[in-house]
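# Descriptive structure summary
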Amino acid sequence: MIAADDLNIEVANGELVGIVGANGSGKTTFLNLITGYLRPESGRILVMGQDTTDLAPRELAKRGVARSFQIPQLYTNMTVLEGVLLSLAASSGESSNFWRPLHRDPWQAEAWEMLDRFGLEPYANRPVSELPEGGRKLLDIALSFALKPTLLVMDEPTSGVSIEDKFQVMDTLVGVLREGDITTIFVEHDMDVVQRYGKRVLVFDTGRVVADGEPESVLAQPEVRRAVLGHE
C-alpha cells in the first residue's frame, strides 16, 4: 500500500482543517511530509507559496511551520515557566547559554503572556510533571508558539485527555489560533472534536483523500463512516 498517493491538498490562510481516517490510512505520513520528517518521491510541497519539499524540520521551523506531537515533547523536570523560557531562548538561537540569560526581559514578559493565553499561568512555578494531561497538551502547543508559526500541525491534540477536559483544552487552543489567524492542520480520532472545531475535514483512506468538506455533511456519509469507523 502507498502511504501517500496522488495527494493534491490546498489549505487557505487561517483555515482550521481536521484530518480523520482509520489507523494506517496515511494521516501521520501526510503530517511527516509537510513538516519535513519525510520527503516525497515525487511532487512538491508549498508553504506560503514557497517550495519547502526538500527542507528539514529545523529549516521549516524557521519558516513558521510548527508541530506538536501525540505524546507531548516536554522537559518534565523543569517548571512550566522554565520550559517556556527555554523554548523562547531556543527560537532566538541563544539556548546554549540558558539558565541565567533565561530569566530576563523580554523573554520573561513574553513567557508570562504565553502562559496567560493558554491558561497555564497558575502552573508557572510547578514542575511540568505535575501538569494534568490536558495541561501538558496545551504546554506542548504553547512551546511551538515560540516559533511564531504561520502554520501549526498537530497530531491528536486531545489524545489522552479526559472526556471532561477535552473541550476545555480545545476551546482554549482554538481561541488562541483564531486570535493569531494561524493556519492549522490537525489529526484527530475523536469525531466530536472534529465536528465541533474543524471548519473543514479531510478523510484519508489507503493514502488518499476520499472526502473533503464541511465536517457535519462529510462525516454523515455512509462510505466515510465505513472508512473511519468501520461501520455506517
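Computed from a predicted structure; not experimentally measured.

### Quick notes on the packing of aromatic side chains
Following the criterion strictly, the structure yields three aromatic pairs and no others. For the ring pair Phe-118 and Phe-145, a centre distance of 5.2 Å and an interplane angle of 80 degrees mean the geometry is edge-to-face. Here Phe-145 lies in the loop between helix H5 (133-144) and strand S5 (151-155) and Phe-118 lies in the loop between helix H4 (107-117) and H5, a separation of 27 residues in the sequence. Directly above the ring of Phe-167 sits Arg-196, whose terminal nitrogen or CZ lies 4.3 Å from the centroid.

### Quick word on H4
Every α-helix winds through 3.6 residues per turn, so residues three or four apart in the chain are directed the same way. Within the span of H4, buried status applies to Trp-107, Gln-108, Ala-111, Met-114 and Leu-115. Buried residues of H4, viewed axially, fall in a sector of 130 degrees; they line one side. Of the surrounding secondary structure, the elements contacted by the buried residues of H4 are helix H3 (80-91) and H5. Positive phi appears at Gly-119, one or two residues downstream of H4, with a value of about 70 degrees.

### Description of the pattern of salt bridges
Counted by the stated rule, this structure contains seven salt bridges. Put simply, Arg-126 and Glu-130 hold a salt bridge, and the shortest N to O gap is 3.3 Å. Overlapping salt bridges bring together Glu-15, Arg-200 and Asp-212 as one network.

### Examining the pairing of strand S4 (residues 65-68)
Side chains Val-65 and Arg-67 project from S4 onto one buried face, and the interleaved Ala-66 and Ser-68 project onto a second face that is buried too. Bridge analysis of S4 against S5 gives four bridges, and the strand direction is parallel. Residue pairing for S5: Arg-67 is matched across the bridge by Val-153.

### Structural notes on the nonpolar core
Counting 48 residues, the largest nonpolar core has Phe-118, Leu-139 and Phe-145 as its most contacted members. Those residues within four positions of Phe-118 in sequence are excluded, and the remaining contacts are Leu-138, Ile-141, Ala-142, Phe-145, Thr-172, Leu-173 and Val-176. Of all hydrophobic cores here, the second largest spans 17 residues; its members include Val-17, Leu-31, Val-47 and Phe-204.

### Details of the packing of H5 against helix H6 (residues 163-180)
In the contact formed by H5 and H6, the axes pass within 10 Å of each other and the chain directions differ by 15 degrees. Compared by their axis directions, H5 and H6 come out roughly parallel. Handedness of the H5/H6 crossing: right-handed. Between H5 and H6, the residues in contact are Gly-134, Leu-138 and Ile-141 and Val-169, Thr-172 and Leu-173, respectively. Here the residues of the contact of H5 with H6 sort into four nonpolar, two polar and no charged.

### Quick look at the sheet that holds strand S7 (residues 200-205)
If you walk across this open sheet you meet the six strands as S4-S5-S6-S1-S7-S8, and the pairing is mixed. What marks the edges here is a single partner per strand, and that holds for S4 and strand S8 (208-213). Strand-to-strand, the axes of this sheet are offset by a mean angle of 20 degrees, without reference to chain direction. Of the strand pairs in this sheet, S7 and S8 are connected by five bridges, and their pairing is antiparallel. By the bridge assignment for S8, Val-201 is matched with Gly-213. Packing of H6 onto the sheet brings it into contact with strand S1 (16-21), S5 and strand S6 (183-187), and relative to S5 it is tilted by some 160 degrees.

Quick notes on the rules
- Residues numbered from 1 in each chain as written.
- Predicted model: local features only at pLDDT ≥ 70, side-chain atom pairs only at ≥ 80, totals over all residues.
- Heavy atoms only, no water.
- Phe/Tyr/Trp six-rings, centres within 6.5 Å; stacked < 30°, edge-to-face > 60°.
- Helix = DSSP H or I, 4+ residues; strand = E, 2+ residues; numbered from the N terminus.
- Lys NZ or Arg CZ within 6 Å of the ring centre and 35° of its normal.
- Buried < 20%, exposed > 50% of the residue type's maximum accessible area, 1.4 Å probe, protein only.
- Arc of directions from axis to C-beta.
- Contact = heavy atoms within 4.5 Å.
- Salt bridge = Lys/Arg side-chain N within 4 Å of Asp/Glu carboxyl O.
- Pairing = 2+ DSSP bridges.
- Core = buried A, V, L, I, M, F, W, Y, C linked by side-chain atoms within 4.5 Å.
- Axes fitted to C-alpha atoms, helices over the stretch in contact; angles between N-to-C directions.
- Parallel < 35°, antiparallel > 145°, perpendicular 65-115°, else oblique.
- Left-handed = near helix turned anticlockwise from the far one by under 90°.
- Nonpolar A, V, L, I, M, F, W, Y, C, P; charged D, E, K, R; others polar.

Nothing here speaks to function; it is geometry throughout.
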